Structures are given as C-alpha cells and as structure tokens.
Amino acid sequence: MKQITIAIDGFSSTGKSTVAKRLAKALGYVYVDSGAMYRAITLFAMRESFIREGHFDRGKLISKLTDITVSFKFNPDLGFAEVFLNGDNVEKQIRTLQVSNYVSQVATVPEVRKQLVKQQHNLGKDKGVVMDGRDIGTVVFPDAELKLFMTASAEKRAQRRYDELIERGDDVSYQEVLENVESRDLIDSTRKDSPLVMADDAVRVDNSHMSLDEQFDYILGLAKAKISE
Ligand code: DC
C-alpha cells in the first residue's frame, strides 16, 4: 500500500498527539512527537541552569547544542516511542508545567530549530510517518500528502491540559495552565523563525465540540482517501 506523510500542526493542547498516536497505530505508521524534541532541549537547558529564575541564556544553550542527543525508543507497553535525552528516558520530566513555561522560548532559537528540523527530516524520510508539531506542514514536510491544522478554544484546551496534569499528581491551578496555553500560543504564532501558521493546503479541524472518536474517524477517513488516491 502507498505510504504517505501526515503532518499535524496546531495550537498547544489541541489533542494533536492523542489523535496522531491513534492514527499511526491504525495505519501501522511511525509516530513522531516533534514537540517532545523541543521539550527535551528545554529540559537540558534547565538542568544545566541555562534557564534559571525566569532568565534564559540563549548563547550558552547554542554553544552546547552539539552535546545534546535527542532520540526515541518504542515502548511496546505504551504503544508509542518515548523520548530520550542523552540516553536517559525523560518522557515524564518533559511534560511538567515548568518545561511548558519555557519551551516556547527555546523553540524561538533558530539554531535549535535547525538541528531538530534536520533530525525530523531524517525520521520521516521513508514516509509512513505521522508527525505532530507547529511547523510540520509548512517547514519540515511542505510536500506532506495530508496536512491537518487542529484548533479548539483556549479554555477547552486549558481544561484538558489541567485535567491531565492533575491526574498525574501535579500541583497546578487551572488559571496558571490557561495562562501557559495563551502565552505559548502567542509566542509560537508570532516568532520570526517558522511561526505557527496554517499551511494553505491544510485541513482545519476545530475539535472544541468533537469527541475523540468523532475526530479520529474523520481524520482516518481523510488519511485513507489520500492513501488510495
Ligand atoms: O506540542 P508541544 O506542546 O509538546 O510543543 C511544545 C512547544 O514546542 C510548543 O510550545 C512550541 C514548540 N514546537 C515548535 O516550535 N515546533 C514544533 N514542530 C513542535 C513544537
């Protein structure tokens, strides 16, 4: 069967990764969470104290980029690939609100983007891939056969992210999660290098009022149509 590239972009906490993982499983494709790569670099910067007390030393991070290896390893129990930073599994550590608070700033650094985009190209070079992020359909795979752009209201997205964090046992308030979602949207869509914009040929999916199953069935239908074209 024909293998295609599926690019899923959109605002933070729109459920991109949930639908992308399910889609990859249904099609037997590889799923790549590109946001996890930016998060792993952010965690590195925090651990090295390049980010401290609200200050981010971009220069120090840039000078250490060659020391950073971000990789993925499939976990059969979870059914998806977990992210590793210099050989350590950091899948849990990259999902905290602290990392979320800085990741958009780290993602504005062109040197960081250049390094990760190169790796993302490589991960998707054989097609049969579902990759989610902010610039996948515009920069990483402008020729992707299927491009989706996911949106939902900021309040809906904050509520979903808040529920996730509470379930993990994190001590956060709904208000701080909403502020994080709104501030990331702003930074992601106004940065100079590869801002979050919808590709001209992307399909917009507003899932504010869609169930997970409705959304998945709709997107799977779009993918199957592209595969059989
Ligand atoms: O998808 P996510 O929320 O885990 O992504 C974390 C951040 O990484 C997001 O705020 C912006 C950045 N990002 C990006 O700039 N480009 C991508 N392709 C993926 C994520």
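Residues numbered from 1 in each chain as written. Predicted model: local features only at pLDDT ≥ 70, side-chain atom pairs only at ≥ 80, totals over all residues. Heavy atoms only, no water.

## A closer look at the side chain of Arg191
Part 1 of the argument: Mapped onto the secondary structure, Arg191 falls in the loop between α8 (174-190) and β10 (203-206).
Part 2 of the argument: For Arg191, a relative accessible area of 7% translates into the label buried.
Part 3 of the argument: In terms of polar contacts, Arg191 uses its side chain to reach the backbone carbonyl oxygen of Asp193, at 2.9 Å.
Part 4 of the argument: Excluding anything up to four places from it in sequence, Arg191 contacts Ala107, Thr108, Arg113, Arg134 and Leu196. (Helix = DSSP H or I, 4+ residues; strand = E, 2+ residues; numbered from the N terminus. Buried < 20%, exposed > 50% of the residue type's maximum accessible area, 1.4 Å probe, protein only. Polar contact = N/O pair within 3.5 Å; in protein donor to acceptor, adjacent residues only side chain to side chain. Contact = heavy atoms within 4.5 Å.)

## Re the pairing of strand β8 (residues 129-133)
Part 1 of the argument: The buried fraction of β8 is high, at five of five residues.
Part 2 of the argument: Side-chain alternation along β8 places Val129, Met131 and Gly133 on one buried face and Val130 and Asp132 on a second face that is also buried.
Part 3 of the argument: Relative to β8, strand β1 (residues 5-10) runs parallel, the two being bridged by five bridges. Counterpart to Ala7 in the pairing with β8 is Met131.
Part 4 of the argument: The sheet contact formed by strand β2 (residues 30-33) and β8 spans four bridges and is parallel. If you follow Val30 over to β8, its bridge partner there is Val129. (Pairing = 2+ DSSP bridges.)

## Structural notes on the packing of aromatic side chains
Part 1 of the argument: By the definition in use, this model includes three aromatic pairs.
Part 2 of the argument: Aromatic side chains Phe44 and Phe50 sit 6.3 Å apart centroid to centroid with 65° between the ring planes, which places their arrangement in the edge-to-face category. The residues Phe44 and Phe50 share a single accessibility class, namely buried.
Part 3 of the argument: With 6.2 Å between their ring centres and 85° between their planes, Tyr162 and Tyr174 make a pair best called edge-to-face. A residue pair is termed long-range when its members are at least 10 positions apart, and Tyr162 in helix α7 (residues 154-167) and Tyr174 in helix α8 qualify at 12 residues. (Phe/Tyr/Trp six-rings, centres within 6.5 Å; stacked < 30°, edge-to-face > 60°.)

## Remarks on the sheet that holds strand β5 (residues 70-75)
Part 1 of the argument: Read from one edge to the other, the open sheet built from three strands follows the order β5-β6-β7, with strand pairing classed as antiparallel. Across the chains shown, the open sheet's two edge strands, defined by having one partner strand only, are β5 and β7 (88-89).
Part 2 of the argument: When strand β6 (residues 80-85) meets β7, the two strands line up antiparallel, connected through two bridges. Following the sheet pairing, Phe84 is matched in β7 by Asn89.

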